[in-house]
Amino acid sequence: MKLNRRGFLGATAGAAAAASLSAPMVHAAGHGKPKVVVIGGGAGGATAARYIAKDSKGEIEVTLVEPTRTYYTCFFSNLYMAGFRDLGSIAHSYGTLAAEYGINVVHDWATGIDREAKTVTLAGGATLNYDRLILSPGIDFVDGAVEGWDISAQNKMPHAYKAGSQSELLKAQIEAMPEGGTFAMVAPPNPFRCPPGPYERISMVAHILKEKNPTAKILIADPKEKFSKMALFQEGWGNHYDGMIDWVGADFGGGNVSVNPHDMTLTIDGDVNKVDVCNVIPAMKAGKICDMAGITEGNWAPVIAHTMQSKVDENIHVLGDASNQGDMPKSGFAANSQAKVAAMAVRSALTGSKLFPAKFTNTCWSLIDTNDGVKVGASYEATDEKIAKVDGFISKTGEDAELRQATFEESVGWYAGITSDMFG
Amino acid sequence: MEKIRKTLVAGLVAATTASTASANEFGDAEAGLKIFNECKACHSVGTGAKNRVGPQLNGIFGRRAGAVDGFKYSKGLARMGKDGLLWDFDKLDRYVQNPKAFASDTRMNYKGLKDEAKRADLLAFLRQYSDNPQNIPEAAPTITGTDHSVDPTILAIQGDPEYGEYLSSECTTCHQLTGDNDGIPGIIGWPAEDFVIAMHAYKDKFRPHPVMQMMSARLSNDEIAALAAYFEAVE
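Each chain has its residues counted from 1, running along the sequence as written. As they are written, the chains are lettered A onward and the ligands numbered 1 onward, keeping that order. Where local features are concerned, this predicted model is filtered to residues with pLDDT of at least 70; where side-chain atom pairs are given and counted, the filter is 80 or more; whole-chain, interface and lining totals use all residues. Think of the side-chain values as coming from all heavy atoms in the structure, minus any hydrogens and water.

So, the overall build of chain A
At step 1: Of the regular secondary structure elements, chain A holds eleven helices and 25 strands.
At step 2: For chain A, long-range pairs separated by at least 24 residues make up 68% of all intrachain contacts whose partners lie at least 6 apart in sequence. Strands are runs of DSSP state E lasting at least two residues, helices are runs of H or I lasting at least four, and both sets are numbered from the N terminus onward. The criterion used for residue contact is that any of the two residues' heavy atoms lie within 4.5 Å.

Structure below.
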């Protein structure tokens, strides 16, 4: 399927370019200021657009293509599910990027990329020219990854791994669970967006069930043998939610699952479980625009660590979850960090500004229960092969309550920091 | 409680005396008493000690930073306590040597005591008023020759603010450019020298926060200077 589509695009690049002539042109081609088009307005794309616009001081024309007018951050969406945040507090608009940074914000879907003509086609019919293209589309799900589940089942069995209406739906389902009912999760295989995310979600679901439905159970089918911050989560689950959570890892058949959305059953290694809520988080791949651009290898788009340029096309930079860059986890913090490196590289290429050495950082905070925050993080540098981890740290088991509270408060500060770094 | 403390102190003094035969292992408490006269304007220690301009110092060894009830600490010291800093010989030694290297906003208006032997005397004196002294070198001092204040040549480096601006994008993911102080301290408009001292204190793993230790560890002296120059100028 993917190969066919790529072949199709390659074979008809000329035809696509010709077709684009009849579509309305947003920009005149070929002269004036250099043009950057950014596809995807999340932690990678919004940050890159903002930094390029800000630091080029008007020398570069920046267009940001993002289908949604309101962006809900995936980070802190688990806290929303537990009632620690309201939905409005994780919602952001693009008004400041347009008004204060002069970014041309286009709410549309990118449906095609012609790498030879350097144009992007939008679902609305418009065509955008670029000198550099930045792709930060996040993730899509791998078709057929969980037997019995596809995107048409996402209302019965939500993934809630793109925040917004899916988060609202899952929260509503949890709150409507019958007394003593079962919440199930199908966890994804590596690599996937936000490695501690499913387990923070389990913690938040447990928090709300403990309050409203204390005899309810949580069942996790996991194709992995271990997961991010495992010791910290397991300790926390024991401390706060003893006896409520049953985690079935790969050793016990956690990878051998199928679901039936009609009957609300989850079958783990032949064992049929009737469940009340089933949160299916399937295997992931780069947002499909990367496939359409023909820059993926396997499920992800490989990049050069020093600049985040695609290894297939030097005029395209790929950020965040969609990229295959090396050692960094797929996180909002990582995408934001990569965006700044890419922004500097793009400015340098288009306006000759200074190119400094690439540095990357990541920190992921997770909340286990009220004021019980933990974190993991690392610093990275670019090598010719990949983004390579230099140094790291992780919260320790047995930390006292005061430190855990400080860690949680720090995550709240970080949220304010990164969202203003993204959206201005 | 009071009784137990006294007994312990007595025991300690005895131990100290026993080993004093081999002389100045970690300072002379009597000489320390005289040095403490400089501190007395703000601090009290011993029976009936109360918080004054500074917190009372009974039980300082092994105590968490910023933890005396009823004393209003600077945000920096309070945060360090939350981050898990316990006062031990080494930490107190560094704090007394250069309070600002420890907590940039400390209210302790003291220039620092450069003389290592005098610091050891002072801490030997204070140590008598702690129940549970921790991490006190029992053999020869381990702190000889380690100068924890920032080398003047490092402080003199002129930073490149343009490079600082690029590097700062790593900081602003957490530290907001508005200067807001919301779980994570604001760092806008800091005097460059305070910034450099603070970053080197993290680099030496002397300030406790793991993220900051990691971030500072890979910054060169020039890069720290560049950041300091940039953040000083941001409004």
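Focus on the overall build of chain B
At step 1: Looking only at helices and strands, chain B has eleven helices and zero strands in total.
At step 2: Walking chain B from its N terminus toward its C terminus, one meets helices and strands in the order α-α-α-α-α-α-α-α-α-α-α.
At step 3: For chain B, the residues scored as buried account for 49% of the 235 residues in total.
At step 4: Across chain B, the fraction of contacts at a sequence separation of at least 24, relative to all contacts at a separation of at least 6, is 63%.
At step 5: When the accessible surface of chain B is split by element, carbon and sulfur atoms take 55% of a total near 11,400 Å². Burial status follows relative accessibility: with a 1.4 Å probe on protein chains alone, a residue under 20% of its type maximum counts as buried, one over 50% as exposed, and anything between as partly exposed. The Shrake-Rupley method, run with a 1.4 Å probe, gives the accessible areas here. Residue values count only the displayed protein chains as cover.

Some words on the layout of surface pockets
At step 1: Of the grid points, spaced at 1 Å and generated over the protein atoms alone, those admitting a 1.4 Å probe that cannot get out make up cavities, while open sets with protein on both sides within 12 Å along at least five of seven lines make up pockets; any residue with an atom within 4 Å of a point is treated as lining. Grid points are joined across faces, edges and corners, and a volume is the space filled by probe spheres set on the points. The volume enclosed by the second largest pocket comes to roughly 950 Å³.
At step 2: Along the walls of the second largest pocket sit 45 residues, with Arg79, His175, Ile184, Pro185 and Tyr202 of chain B positioned nearest its centre.
At step 3: Going through the elements one at a time, strand E23 (359–369) and helix H11 (401–423) of chain A together with helix H3 (75–82), helix H8 (161–171), helix H9 (192–203) and helix H10 (210–217) of chain B are the ones with two or more residues in the lining of the second largest pocket.
At step 4: Three residue categories are used. Nonpolar comprises Ala, Val, Leu, Ile, Met, Phe, Trp, Tyr, Cys and Pro, charged comprises Asp, Glu, Lys and Arg, and polar comprises the others, including Gly. Residue composition of the lining of the second largest pocket, by class: 25 nonpolar, nine polar and eleven charged.

Comments concerning the confidence of the model for chain B
All names here are of chain B.
At step 1: The quantity called pLDDT is the predictor's confidence in a given residue, expressed from 0 to 100. With 81% of its residues at a pLDDT of 70 or more, chain B has an overall mean of 79.
At step 2: By mean pLDDT, the top-scoring element of chain B is helix H11 (residues 221–233) (94), and the lowest-scoring one is helix H1 (residues 2–20) (37).
At step 3: Taken as a whole, residues 1–24 scores under 50 in pLDDT and shows twelve contacts with residues more than four places along the chain or in a different chain.

Some points on unusual backbone geometry
Residue and element names in this part refer to chain A.
At step 1: In the segment running from Asn190 into Pro191, the intervening peptide bond is cis, with an omega of -10 degrees.
At step 2: Relative to the elements of secondary structure, Pro191 occurs in the loop between strand E11 (182–186) and helix H7 (197–212).
At step 3: Positive phi outside glycine occurs at Cys194, with the angle close to 55 degrees.
At step 4: Note that Cys194 resides in the loop between E11 and H7.

A word on the environment of Val248 of chain A
Residue and element names in this part refer to chain A.
At step 1: Of note, Val248 is situated in strand E13 (residues 245–248).
At step 2: Distance in space between the C-alpha atoms of Val248 and Val186 is 9.9 Å, their sequence separation being 62 residues.
At step 3: Apart from the residues within four sequence positions on either side, Val248 is in contact with Leu219, Ile220, Ala221, Asp222, Gly254 and Ile268.

What to know about the side chain of Ser167 of chain A
At step 1: You can see Ser167 of chain A is positioned in helix H6 (residues 165–175).
At step 2: Beyond its immediate chain neighbours, meaning those up to four positions away, Ser167 of chain A contacts Ser77, Tyr80, Met81, Ala160 and Lys162 of chain A.

A few points about the pairing of strand E7 (residues 119–122) of chain A
Residues and elements named next belong to chain A.
At step 1: If DSSP finds at least two bridges between two strands, the strands pair. Relative to E7, strand E6 (residues 110–114) is paired through four bridges, and the arrangement is antiparallel. Pairing of Ile113 across the sheet is with Val120, part of E7.
At step 2: The hairpin turn running from E6 into E7, its antiparallel successor, is four residues long, and Lys118 in that turn takes a positive phi close to 55 degrees.
At step 3: Linking E7 back to strand E8 (residues 127–129) in an antiparallel pair, the connection comprises four residues, with Gly125 at a positive phi of about 105 degrees.

Describing empty space enclosed by the protein
At step 1: One pass over the structure, following the stated rule, counts one cavity of 30 Å³ or more.
At step 2: Contributing to the lining of the largest cavity are Phe333, Asn336, Ser337, Lys340, Val341, Lys359 and Thr361 of chain A together with Tyr166, Leu167, Ser169, Glu170 and Thr173 of chain B.
At step 3: Among the secondary structure elements, those contributing two or more residues to the lining of the largest cavity are helix H10 (332–351) and E23 of chain A together with H8 of chain B.
At step 4: Ranked by residue count, the leading element in the lining of the largest cavity is H10 of chain A, at five residues.
At step 5: When its residues are assigned to classes, the lining of the largest cavity shows four nonpolar, five polar and three charged.

What to know about the interface of chain A and chain B
At step 1: Contact residues are listed per partner, giving 40 residues for chain A and 27 residues for chain B.
At step 2: Accessible area, probed at 1.4 Å, shrinks when two parts are joined; the buried area is that loss added up over both. Surface buried jointly by chain A and chain B totals about 2,700 Å² across both partners, of which 54% is contributed by carbon and sulfur atoms.
At step 3: The largest per-residue losses of area from chain A upon contact with chain B belong to Phe356, Lys359 and Phe393 of chain A, which jointly make up 21% of the total buried on that side.
At step 4: The salt bridge definition used is simple: a Lys or Arg side-chain nitrogen within 4 Å of an Asp or Glu carboxyl oxygen. At the surface where chain A touches chain B, the tally comes to six salt bridges.
At step 5: The residue Arg64 of chain B makes a salt bridge to Asp400 of chain A at a minimum N-O spacing of 2.1 Å.
At step 6: The set of elements that each furnish at least two residues to the side of chain A that touches chain B consists of helix H3 (45–56), H10, E23, strand E24 (372–382), strand E25 (387–394) and H11 of chain A.

Remarks on the confidence of the model for chain A
At step 1: Residues of chain A with pLDDT of at least 70 account for 93%, and the chain-wide mean is 93.
At step 2: Taken together, the stretch residues 1–29 of chain A has pLDDT below 50 and engages in 36 contacts with residues farther than four places along the chain or on a different chain.

Digging into H3 of chain A
Residues and elements named next belong to chain A.
At step 1: Across its twelve residues, H3 extends 16 Å between first and last C-alpha, which sits within 8% of the 16 Å expected from 1.5 Å per residue.
At step 2: Most of H3 is tucked away, with eleven of its twelve residues classed as buried.
At step 3: Taken together, the buried positions of H3 are Gly45, Ala46, Thr47, Ala48, Ala49, Arg50, Tyr51, Ile52, Ala53, Asp55 and Ser56. Here the expected span of a helix is defined as 1.5 Å times the quantity of residues minus one.

What about helix H4 (residues 89–97) of chain B?
Residues and elements named next belong to chain B.
At step 1: Along H4, seven of the nine residues are buried, which leaves the element largely enclosed by surrounding structure.
At step 2: For H4, the secondary structure elements touched by its buried residues are H3, helix H5 (99–102) and helix H6 (116–127).
At step 3: Sitting at the amino-terminal end of H4 is Asp88, which places a side-chain oxygen 3.2 Å from the backbone nitrogen of Asp90. Identification of polar contacts relies on pairs of N or O atoms within 3.5 Å, with a donor-acceptor requirement for protein atoms, meaning one able to donate a hydrogen and the other able to accept it, and with residues adjacent in sequence counted only if both atoms are side-chain atoms.

What about the state of the cysteines?
At step 1: In this description, a disulfide is simply a cysteine sulfur pair whose atoms lie within 2.5 Å. As enumerated under the stated definition, the model contains zero disulfides over all chains in all.
At step 2: Between Cys364 of chain A, a cysteine without a disulfide, and Cys194 of chain A, which holds the nearest cysteine sulfur, the sulfur-to-sulfur distance is 5.8 Å.
At step 3: The thiol of Cys171 of chain B is unpaired, and the distance to the nearest cysteine sulfur, on Cys174 of chain B, comes to 9.1 Å.

Here we look at the side chain of Lys330 of chain A
Residue and element names in this part refer to chain A.
At step 1: Within the secondary structure, Lys330 is located in the loop between strand E22 (323–324) and H10.
At step 2: Only four residue types enter the tally: Lys and Arg on the positive side, Asp and Glu on the negative side; His and the chain ends are excluded. We note that Lys330 is buried and unpaired, the nearest opposite charge coming from Asp321 at a distance of 6.2 Å.
At step 3: Not counting the four nearest positions on each side in its chain, Lys330 is found in contact with Pro191, Phe192, Arg193, Cys194, Pro195, Trp300, Asp321 and Ser323.

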